[in-house]
Amino acid sequence: MVAEILCVGTELLLGDIVNTNAAYLARQLAGLGIDLYTQSVVGDNPERLKESLAIAFSRADLVLMTGGLGPTYDDLTKETVAAYFGRNMRRDEHSYQRLMEYFAKAGKEPTPNNLKQADMPEGAVVFDNDNGTAPGLAVEGNGKIAVLMPGPPYEMTAMFEARIRPYLQKFSEKVLVSRTIRIVGMGESEVEYRLRDYMLSHLNPTIAPYAKQSEVQLRVTASAKTEEQAYALIGPVVAEIQEMLGDVVYGVDVENMEQAVVQQLKEKGLKVATAESCTGGLISKRITEIPGASDVFECGVCSYANRIKHELLGVSDQTLEQFGAVSEQTAKEMAEGIRRLSGADIGVSVTGIAGPGGGTPEKPVGLVYLGVSSERYSKVVRYLSGSKKAGSREHIRYSASQQALKLVLEAIRENQKK
């Protein structure tokens, strides 16, 4: 079965609302093993909606639609679908009673346009909406299926989980499952170059690289009759890729770098502390966004001023005068100082020039030094961000935090080898 997603709403076209519904539904269809080839958006215009629906059905068996089910004059999705299938609109008694109960509990009298939400195409399968007033529905005919859901994401996702997913499962004879390999320290082009022949030789599972902010992801996806069979196909491929790429792989099936750091610190019974300058506390923020971080995070010091670097972290005046705040020597002493101050197993530091001003030919904007210190392992890294675009300050800061978290993972790993 081939599906298409058609989202309805002028606010989507204007960019007033980000279309999160399409991303959510695409993931759900993949999990159900239903092929998705096209997504589209159309405004609240009856003629263009009619045209978009006809185009969607010309290339798909199943069209998932969101939006246009409300009470206002421009909510015409149901009526357009009814016309496509040659169905009349009829009042659905069950939906009508739910609407009346909803307004009675709210102490309000429904207007006629509110009750319009209970009108359905003849023969439609109706899906209750437990989080709003507009029911969902499905219409089948001539080998085509239209599934209509409300536009607000919290209503749509809840309805999909409770009612739409079970309805769609009967149309799928396979499942698709994916695992994600996360990589830092190797660009997308190099990953693709190293794995090109390997990726081309695998059709099930498939392997696809994606460039993300300051990292690369590899999605390994398998198709099978059951999830168990699909995961059995994926397992050996993931293991082989990890072996081929080595230490640049920082995790599999983790949400992000900070989750991997907290997870591995917990597993090893270690604690970390941070000393930050140009990142302004971003490393600490990322770590503490993970539930359970209090078990592994001791403290963070945001040492923008040289006085704080010296008085609190113990960076020597000589180091600051001779080499400057942005230097290998300062990063090293900051990492050692925060570990000493906090008593943590691992101290990590960052100092650099985030811009847009402050750079020199010797120390340009984007130059960052990162240090890590532990009982058995210490290292300082010089990192230069290539971002020179407007707004690159945040990119430089985020990239630096990513490299710092990578150093923490490296320290955890290296300490286990000693």
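What counts, and where the lines are drawn
- Residues numbered from 1 in each chain as written.
- Predicted model: local features only at pLDDT ≥ 70, side-chain atom pairs only at ≥ 80, totals over all residues.
- Heavy atoms only, no water.
- Helix = DSSP H or I, 4+ residues; strand = E, 2+ residues; numbered from the N terminus.
- Rg over C-alpha atoms; globule rule 2.2 N^0.38 Å.
- Buried < 20%, exposed > 50% of the residue type's maximum accessible area, 1.4 Å probe, protein only.
- Contact = heavy atoms within 4.5 Å.
- Areas by Shrake-Rupley, 256 points an atom, 1.4 Å probe, with all protein chains shown as cover.
- Lys, Arg positive; Asp, Glu negative; His and termini not counted.
- Charge placed at Lys NZ, Arg CZ, Asp CG, Glu CD.
- Pairing = 2+ DSSP bridges.
- Axes fitted to C-alpha atoms, helices over the stretch in contact; angles between N-to-C directions.

With that settled, the discussion passes to the overall build of the protein. Helix and strand counts for the protein stand at 15 helices and 17 strands. A compact globule built from 418 residues would reach a C-alpha radius of gyration of about 22 Å, whereas the protein, at 27 Å, exceeds it by more than 25%. Each of the three principal axes of the protein carries a C-alpha extent, and together these read 85 × 55 × 40 Å. Taken across its 418 residues, the protein has 47% of its residues classed as buried. Put simply, 68% of the contacts in the protein that link residues at least 6 apart link residues at least 24 apart. Carbon and sulfur atoms provide 49% of the accessible area of the protein, an area that totals close to 20,000 Å². Here the protein holds 46 positive side-chain charges and 53 negative ones, and the gap between their average locations is 3 Å.

Attention shifts here to the sheet that holds strand E15 (residues 346–352). Taken together, the five strands give an open sheet; going across it, the order is E14-E13-E15-E16-E17, and neighbouring strands pair in mixed fashion. Taken across any chain shown, the strands that pair with only one partner, and hence form the sheet edges, are strand E14 (297–302) and strand E17 (378–384). The sheet shows a mean angle of 10° between the axes of neighbouring strands, direction not considered. Direction of pairing for strand E13 (residues 272–276) relative to E14: parallel, over a ladder of four bridges. Following the sheet pairing, Ala275 is matched in E14 by Val301.

Before going further, it helps to spend a moment on unusual backbone geometry. Following Asn204, the chain continues to Pro205 via a peptide bond in cis, the omega torsion being 10°. Tracing the backbone shows Pro205 in the loop between helix H8 (188–200) and strand E10 (206–212). The amide bond that connects Gly355 to the next residue, Pro356, takes the cis arrangement and shows omega of 5°. Mapping Pro356 onto the fold places it in the loop between E15 and strand E16 (367–374). Even without being glycine, Asn142 reaches a positive phi, approximately 55°. Inspection of the secondary structure assignment puts Asn142 in the loop between strand E7 (136–141) and strand E8 (144–149). Relative accessible area serves as the criterion here: at 79%, Asn142 is assigned to the exposed category.

What follows covers the sheet that holds strand E6 (residues 125–127). With respect to topology, six strands assemble into an open sheet ordered E2-E1-E3-E8-E7-E6, the strand pairing being mixed. Of all strands in the sheet, those bounded by a partner on one side alone are strand E2 (35–42) and E6. Pairwise comparison of adjacent strand axes, ignoring direction, gives a mean angle of 15° for this sheet. In this structure, E7 lies alongside E8, joined through five bridges in antiparallel fashion. Pairing of Val139 across the sheet is with Ala146, part of E8. Sheet strands touched by helix H2 (residues 20–32): strand E1 (2–8), E2, strand E3 (62–66) and E8. Its angle to E1, the strand with the most contacts, is close to 165°. Its contacts with the sheet put helix H3 (residues 46–59) on E1, E2, E3 and E8, and the angle it makes with E1 is roughly 165°.

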